[in-house]
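# Tertiary structure, described
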Amino acid sequence: MEEPYKVKASKGQSSLEYLLVIALTFALIVPTTYLFYNYSKESSQEITDAQITKVGRGIVDTAALIFYSGQGSKTVLELIIPDNIVSAEIIDGRELVFNMTTSFGVSEIVFFSSVNMTTATSNCNANVCNLPDLASKGVKKVKIEAINKDSSSITTI
Amino acid sequence: MGKNGQAALEYLTTYGWAFITISVTIGALYYFGVLDFSKYLPQNCIFPSQLRCLDFSLRVPNVNVKLINNLGEDIKVTSMQITNDATPPISCTPPAVPFDWVHAVEKDFIFASCSGGAYLSDSRVELKISITYYAINTPSNPVHLINGKINGRAI
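Computed from a predicted model, the values in this text were never measured in an experiment. (Residues numbered from 1 in each chain as written. Chains lettered and ligands numbered in written order. Predicted model: local features only at pLDDT ≥ 70, side-chain atom pairs only at ≥ 80, totals over all residues.)

## Some details on the overall build of chain B
Helix and strand counts for chain B come out as one helix and nine strands. In chain B, the succession of α and β elements from N to C terminus is α-β-β-β-β-β-β-β-β-β. For 155 residues, the compact-globule estimate of 2.2 N^0.38 gives 15 Å, and the C-alpha radius of gyration of chain B, at 25 Å, exceeds that figure by more than 25%. Projected onto its principal axes, the C-alpha coordinates of chain B cover approximately 90 × 30 × 25 Å. (Helix = DSSP H or I, 4+ residues; strand = E, 2+ residues; numbered from the N terminus. Rg over C-alpha atoms; globule rule 2.2 N^0.38 Å.)

In structure tokens, the structure reads:
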């Protein structure tokens, strides 16, 4: 008659041990996941910022290099556009502006060129020229050409 | 059916106390901030690299932040605002604008006499700073916006 009670007590102990192990695991995993998630979120913003800075500086520096190489000079850059870029435009021929979304709002990342930049006239309205192909993530081929004695053209191919 | 009901009742009376005790304990831990894991996160100040954040301090009732103009251009700052997600949000006296900011120069900004926004000593806060500016040498003076974030413990 004692046997069934022994079996029941043993099962109860194993259940309790199981629950304790699971509880301890959760107590470790939940805060660790939270901390690492926050770290990675901030790191990804810094990575996006670094990537778009490399893209912007690359375009502006190459536009100046090609311009001073003389009319007809051209080159093609392969650039990696990061996620979170919602628009790209040239303002007044000297500001290359990327709109970047972050967890704390949209920021405009601006690069200033020493030479006049332009793009296809169909994308230009007054002093603002849109670069729609640079507003989506992925690898982009950007052709930079000294189209005349006044400016370098920036187009995606 | 009667035996099943009795077993269920016995189960609840045996373990119900355990559930209540655990719930109250977790509630107390949450209330006293033990489960607020955000306090274990490092304090930081994140701005785009063009107006990099060099340093900050959260001394109630002021917020101090040091930024550097990495744009490579002289700019004129037209507005500076600070806010957060609390209700009501933090409200401070921003630095006087407009002002010129030469490139590669560091500047200290003080948001003074802050109120609201749960900005209290020894509390963890996340503040959003918005800055608008335009480049002095660009003919049409297009205004640009930069957002940054300060996450830290007020003292």
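## Considering the overall build of chain A
A count of helices and strands for chain A gives one helix and nine strands. Beginning at the N terminus, the succession of helices and strands in chain A can be written as α-β-β-β-β-β-β-β-β-β. Rg of the C-alpha trace for chain A: 28 Å, well past the compact-globule value of 15 Å for 157 residues, more than 25% over. The C-alpha extent of chain A, read off along each of the three principal axes, is 105 × 25 × 25 Å. Looking at chain A as a whole, 26% of its 157 residues are labelled buried. The long-range share in chain A, meaning contacts at least 24 apart out of those at least 6 apart in sequence, stands at 64%. (Buried ≥ 20, exposed ≤ 12 C-beta atoms within 10 Å, placed from the backbone. Contact = placed C-beta atoms within 7 Å.)

## What about the nonpolar core?
Within the largest apolar cluster, 54 residues are counted, with the highest numbers of intra-cluster contacts made by A:Ala63 and B:Val63. In terms of residue count, helix α1 (residues 3-69) of chain A provides more of this core than any other element does, seven residues in total. If we skip the residues at most four places from it in the chain, A:Ala63 touches A:Ser113, A:Val115, A:Met117, A:Ile144, A:Ser152 and A:Ile154. (Core = buried A, V, L, I, M, F, W, Y, C linked by C-beta atoms within 7 Å.)

## Things to note about the sheet that holds strand β2 (residues 51-59) of chain B
Residue and element names in this part refer to chain B. Taken in spatial order, the four strands of this open sheet run β2-β3-β7-β5, and their pairing is antiparallel. Sheet topology places β2 and β5 (91-93) at the edges, where each strand pairs with a single neighbour. Each strand axis lies, on average, 30° off the axis of its neighbour in the sheet, ignoring direction. Judged from the six bridges that link them, strand β3 (residues 62-69) and strand β7 (residues 106-115) form a sheet pairing that is antiparallel. Looking at the pairing, Val65 lines up with Phe109 of β7. (Pairing = 2+ DSSP bridges. Axes fitted to C-alpha atoms, helices over the stretch in contact; angles between N-to-C directions.)

## Examining the environment of A:Thr25
With respect to the element layout, A:Thr25 can be found in helix α1. C-alpha separation for the pair A:Thr25 and A:Ala88, spaced 63 residues apart in sequence, amounts to 47 Å.

## Observations concerning the pairing of strand β8 (residues 124-135) of chain B
Residues and elements named next belong to chain B. Burial along β8 is one-sided: the residues Val125, Leu127, Ile129, Ile131, Tyr133 and Ala135 are buried and none of Arg124, Glu126, Lys128, Ser130, Thr132 and Tyr134 is. Two elements, β8 and strand β9 (residues 144-153), share ten bridges in a ladder whose sense is antiparallel. Note that in β9 the partner of Arg124 across the bridge is Arg153.

## Describing the sheet that holds strand β9 (residues 151-156) of chain A
Residue and element names in this part refer to chain A. Pairing is mixed in the open sheet, where four strands are placed in the order β1-β8-β9-β5. Taken across any chain shown, the strands that pair with only one partner, and hence form the sheet edges, are β1 (74-81) and β5 (116-118). Neighbour-to-neighbour, the strand axes of this sheet turn through a mean angle of 30°, independent of strand direction. Pairing between strand β8 (residues 138-146) and β9: five bridges, direction antiparallel. Following the sheet pairing, Ala146 is matched in β9 by Ser152.

## Re the interface of chain A and chain B
Across the boundary between the two partners, chain A contributes 23 residues, which contact 23 residues of chain B. A total of eight residues in the side of chain A that touches chain B trace back to one element, the largest contributor, which is α1(A). A per-class count over the side of chain A that touches chain B returns ten nonpolar, seven polar and six charged. (Nonpolar A, V, L, I, M, F, W, Y, C, P; charged D, E, K, R; others polar.)

## Focus on the environment of A:Met100
Among the structural elements, A:Met100 can be located in strand β3 (residues 95-102). Those residues in contact with A:Met100 that lie beyond four places of it in its chain are A:Thr48, A:Ile52, A:Asn84, A:Ile85, A:Val106, A:Ser107 and A:Ile109.

## A short note on unusual backbone geometry
Residues and elements named next belong to chain B. Following Thr87, the chain continues to Pro88 via a peptide bond in cis, the omega torsion being -5°. Residue placement: Pro88 occurs in the loop between β4 (75-83) and β5. Cis rather than trans, the peptide bond between Val97 and Pro98 has omega equal to 0°. Here Pro98 lies in the loop between β5 and β6 (99-101).

## Comments concerning the pairing of β7(B)
Sheet topology note: the β5(B)/β7(B) ladder contains two bridges and is antiparallel. From the neighbouring strand, B:Thr93 faces β7(B), where its bridge partner is B:Ala112.

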